[in-house]
Amino acid sequence: MTEDMTQSGEAGKKKRVLVVGAGGFAGGFFVEEGLRRGFEVWAGVRESTSRKWLTDPALKFLVLDFDRPETLSASLSTALPSGEKWDYIIYNLGATKCLNFSDFSRINYSYLRSFTDAVHAAGMAPEKMLYMSSLSAMGPGDEKGYTPFTEKMIPHPNTRYGASKLKAEMWLATCGLPVVIFRATGIYGPRDRDYFLMFESIKKGFDFSVGFRKQLLTFLYVEDLARAAYDALEKAPAGETYNVAEPRAYTQKEFREIAGEVIGKKAVGVKMPLWAVKAVSVIAEKWGVLRLKPSTLNRDKFNIMKQRNWAADISKARRDFGFNPEVDLREGVRRSVEWYRKEGWM
């Protein structure tokens, strides 16, 4: 994209984008891609949000208190000169693990609803808003024939996380804002901690998987996600939902072999029966409650792990905004591992 494409029609001003949840893993990359494309980028953060990866001097900040929804409208309307607004909004705020399952609905749905209400109250509806949902909103798909998910399939989430994302999507369909929804698959890359734990396990020589039937996994490198977000804001029609993932799916064995080759360690595949993982999930969840710290492994995560088919059809995204991931899994793992080593994580 040329710099001219990021200019508004008013006296050559740069277009503005507000990234809500900029302190999250993907949020930092949304910020960086916006700056790279020449946007005036605002990072929507909470007071407690770490700004470790938000250091570019061109970046502007907007502090939002979602636990005090009555303050959101004023925070938005006083951030910019009267009558001005953000051209685009990327809403990346959300929770993937919670101490109490009710928090999924509070953070992933209620916070979003409060934000959209505040945007309306402030009179700052953007040209377009992108919402980061998840393929988990679909629930289990074809577990026998492994038919890829399409956007036309009827969702039936089997996790609290997925249900909260679907609830948010349903709200956006009625909220009156021009919204594009991304149902993302497994997002990975530098700074991510979830896939880092998998790479760390492979480095130690083990790769743990759940269940004995074939499982198809899909991935998307975080920089490809960021590029897709801005392409969709520019080109995709409002009101549409898109699967975003690499074009192909991988088996657990293929993932292990690719990661092992990049790391330089041949890992042993350790398959754990579903009943055993479920038991461990329940124990880990209760231990997390006792420590007042969300556990990475819990009953909700177990339902995600046992799902056999994560293949996704991305033809709609290709058609509507030219979605074409540049980084395949091997190259993405290489870049991620290189970063982890440089930063002293591995």
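Quick caveat, the model's predicted, so the values are computed rather than measured.

Any chance you could explain the overall build of the protein chain here in plain terms?
Within the protein chain, the regular secondary structure consists of 11 helices and 13 strands. Its C-alpha atoms give the protein chain a radius of gyration of 20 Å, near enough to 20 Å, the size a compact globule of 346 residues would have. The principal-axis extent of the C-alpha atoms belonging to the protein chain is close to 60 × 40 × 40 Å. Within the protein chain, the fraction of its 346 residues that count as buried is 53%. A separation of at least 24 residues holds for 77% of the contacts in the protein chain among residues at least 6 apart in sequence. For the protein chain, the exposed area adds up to about 16000 Å²; of that, 53% sits on carbon and sulfur atoms.

Please clarify how the sheet that holds strand E4 (residues 88-91) should be interpreted in this entry.
Two modes of strand pairing occur in sheets, parallel and antiparallel, and in both the strands are linked by backbone hydrogen bonds. Read across the open sheet, the seven strands follow the order E3-E2-E1-E4-E5-E6-E11; overall the sheet is parallel. Looking at the sheet topology across the chains shown, the edges are occupied by strand E3 (60-63) and strand E11 (241-244). Adjacent strand axes in the sheet meet at a mean angle of 20° when their direction is disregarded. Where strand E5 (residues 128-134) lies against strand E6 (residues 179-184), six bridges are found, and the strand directions are parallel.

Got a minute to help me understand the pattern of salt bridges in this structure?
Where charged atoms of side chains with opposite charge meet at close range, the side chains can pair. Under the defined criterion, the tally for this structure stands at 23 salt bridges. Note that Lys13 and Glu84 form a salt bridge whose closest N and O atoms lie 3.4 Å from each other. A residue pair is termed long-range when its members are at least 10 positions apart, and Lys13 in the segment before strand E1 (16-20) and Glu84 in the loop between helix H2 (72-79) and E4 qualify at 71 residues. Between Glu40 and Arg16 there is a salt bridge; the shortest N-O distance is 2.7 Å. One end of the pair, Glu40, is in strand E2 (residues 40-45); the other, Arg16, is in strand E1, with 24 residues separating them in the sequence.

What is the right way to read the packing of H2 against helix H3 (residues 102-121) from this model?
Each pair of packed helices gets described by two things: the angle between the helix axes and the distance between those axes. Where H2 meets H3, the axes come as close as 8 Å, and the angle between the chain directions of the two elements is 50°. One element, H2, and the other, H3, form an angle in the oblique class. Every pair of crossing elements has a handedness; the one defined by H2 and H3 is right-handed. On H3, the residues that touch Leu72, Ser73 and Leu76 of H2 are Ser114, Phe115, Ala118, Val119 and Ala121. Residues belonging to the contact of H2 with H3 are distributed by class as follows: six nonpolar, two polar and no charged.

Quick question: what am I supposed to make of the nonpolar core here?
As a rule of thumb, nonpolar side chains are buried together in soluble globular proteins. Counting 65 residues, the largest nonpolar core has Phe30, Ile90, Leu130, Phe182, Phe199, Leu225 and Phe321 as its most contacted members. The element that contributes the greatest number of residues to this core is helix H6 (residues 222-235), accounting for eight residues. With residues up to four places along the chain from it excluded, the contact list for Leu130 reads Ile89, Ile90, Tyr91, Val180, Phe182, Ala229, Ala232 and Leu233. In terms of nonpolar packing, the next biggest core, distinct from the first, is built from 36 residues, Trp42, Ala95, Phe115 and Leu172 among them.

Could you clarify how one ought to interpret the packing of aromatic side chains in this entry?
Aromatic ring pairs are reported here in terms of the distance separating the ring centres and the angle at which the planes meet. Tallying each qualifying case throughout the model produces 26 aromatic pairs. Taken together, a centroid distance of 6.0 Å and an interplanar angle of 75° make the contact between Phe25 and Phe29 edge-to-face. Placement of both Phe25 and Phe29 in helix H1 (residues 25-36) is noted, with a separation of four residues, approximately one turn of the helix. Taking the relative accessible area as the measure of exposure, Phe25 reaches 21% and is therefore partly exposed.

Help me understand helix H5 (residues 194-203) in this model?
Among the residues making up H5, those that are buried are Tyr195, Phe196, Phe199, Ser201 and Ile202. A positive backbone phi angle near 100° is found at Gly205, which sits one or two residues after H5.

What is the right way to look at the packing of helix H7 (residues 252-263) against helix H11 (residues 329-342) in this model?
Between H7 and H11, whose axes approach to 9 Å, the crossing angle comes to 45°. It follows from the interaxial angle that H7 and H11 lie oblique. As for how H7 packs across H11, the hand of that crossing is right-handed. Contact residues: Phe255, Ile258, Ala259, Glu261, Val262 and Ile263 in H7; Leu329, Arg330, Val333, Arg334, Val337 and Arg341 in H11. In terms of residue class, the contact of H7 with H11 is made up of eight nonpolar, no polar and four charged.

It is not clear to me how the confidence of the model for the protein chain should be interpreted in this structure. Could you clarify?
Detail in the predicted coordinates should be disregarded across regions flagged by low pLDDT. On average, residues of the protein chain score 91 in pLDDT, and 92% of them are at 70 or above. In this model, residues 1-9 is a region of pLDDT below 50 whose contacts with residues beyond four sequence positions or in other chains number 18 contacts.

How should the side chain of Arg191 be read in this particular structure?
Take Arg191: it is sitting in the loop between strand E7 (186-188) and H5. A relative accessible area of 16% places Arg191 in the buried class. Not counting the four nearest positions on each side in its chain, Arg191 is found in contact with Phe25, Gly28, Phe29, Glu32, Trp53, Trp339, Tyr340 and Trp345.

Mind showing me how you'd approach a nonpolar patch on the surface here?
A cluster of nonpolar side chains, namely Phe206, Phe208 and Val268, defines an oily patch on the protein surface of about 290 Å² accessible area. The topology assignment puts Val268 in strand E13 (residues 268-272). For Val268, a relative accessible area of 48% puts it in the partly exposed group.

Looking at this structure, how should I read the pairing of E1?
When a strand is regular, its side chains alternate between the sheet's two faces. Among the five residues of E1, five are classified as buried, and the element is accordingly described as predominantly covered. With burial as the criterion, each face of E1 is covered, one bearing Arg16, Leu18 and Val20 and the other bearing Val17 and Val19. Note that E1 and E2 share five bridges and pair parallel. Paired with Arg16 across the two strands is Glu40, which belongs to E2. What joins E1 to E2 is H1, and the crossover it makes is right-handed. Relative to E4, E1 is paired through four bridges, and the arrangement is parallel. By the bridge assignment, Leu18 is partnered in E4 with Ile89.

Cut-offs applied
Residues take numbers from 1 onward in each chain, read along the sequence in its written order. Reporting in this predicted model follows two pLDDT cut-offs: at least 70 for local features of residues, and 80 or more for side-chain atom pairs to be given and counted; totals over whole chains, interfaces and linings ignore these cut-offs and use all residues. Hydrogen atoms and water are omitted, and side-chain values are computed over all heavy atoms in the structure. Helix and strand labels come from DSSP, where a helix needs a run of H or I of at least four residues and a strand needs a run of E of at least two; each type is numbered from the N terminus. Throughout, the radius of gyration refers to the C-alpha atoms, and the reference size of a globule is 2.2 Å times the residue count to the power 0.38. Residue burial is assigned from relative accessible area. The probe radius is 1.4 Å, only protein chains are included, and a residue is buried under 20% of its type maximum, exposed over 50%, and partly exposed in between. Every residue pair with non-hydrogen atoms within 4.5 Å of one another is taken to be in contact. Only the protein chains shown count as cover for residues, with accessible areas throughout obtained via the Shrake-Rupley method and a probe of 1.4 Å. Here the rule is simple: two strands pair whenever DSSP picks up at least two bridges between them. Helix axes are fitted to C-alpha atoms over the stretch in contact, other axes to C-alpha atoms as well, and angles between N-to-C directions run from 0 to 180 degrees. We define a salt bridge as a contact between a side-chain nitrogen of Lys or Arg and a carboxyl oxygen of Asp or Glu at a distance within 4 Å. Here the angle decides the label: under 35 degrees means roughly parallel, over 145 means roughly antiparallel, 65 to 115 means roughly perpendicular, and every other value means oblique. Handedness of a crossing is defined here by the sense of rotation of the near helix relative to the far one, left-handed for an anticlockwise turn of less than a right angle and right-handed for a clockwise turn. In the scheme used here, Gly and all other residues not listed as nonpolar or charged are polar, with Ala, Val, Leu, Ile, Met, Phe, Trp, Tyr, Cys and Pro taken as nonpolar and Asp, Glu, Lys and Arg as charged. For this analysis, a nonpolar core means a set of buried residues of the types Ala, Val, Leu, Ile, Met, Phe, Trp, Tyr and Cys, connected via side-chain atoms within 4.5 Å. Aromatic rings from Phe, Tyr and Trp, with only the six-membered ring used for Trp, were paired whenever their centres fell within 6.5 Å, and each pair was classed as stacked if the ring planes differed by under 30 degrees, edge-to-face if by over 60, and tilted otherwise. What pLDDT conveys is the predictor's confidence in a given residue, as a value from 0 to 100. Nonpolar side chains (Val, Leu, Ile, Met, Phe, Trp, Tyr) are joined into patches within 5 Å and like charges within 9 Å, using only residues with over 30% relative accessible area and no salt bridge. Assignment of crossover handedness uses the view with strands pointing away from the viewer, where a clockwise path from the first strand over the helix to the second indicates a right-handed crossover.

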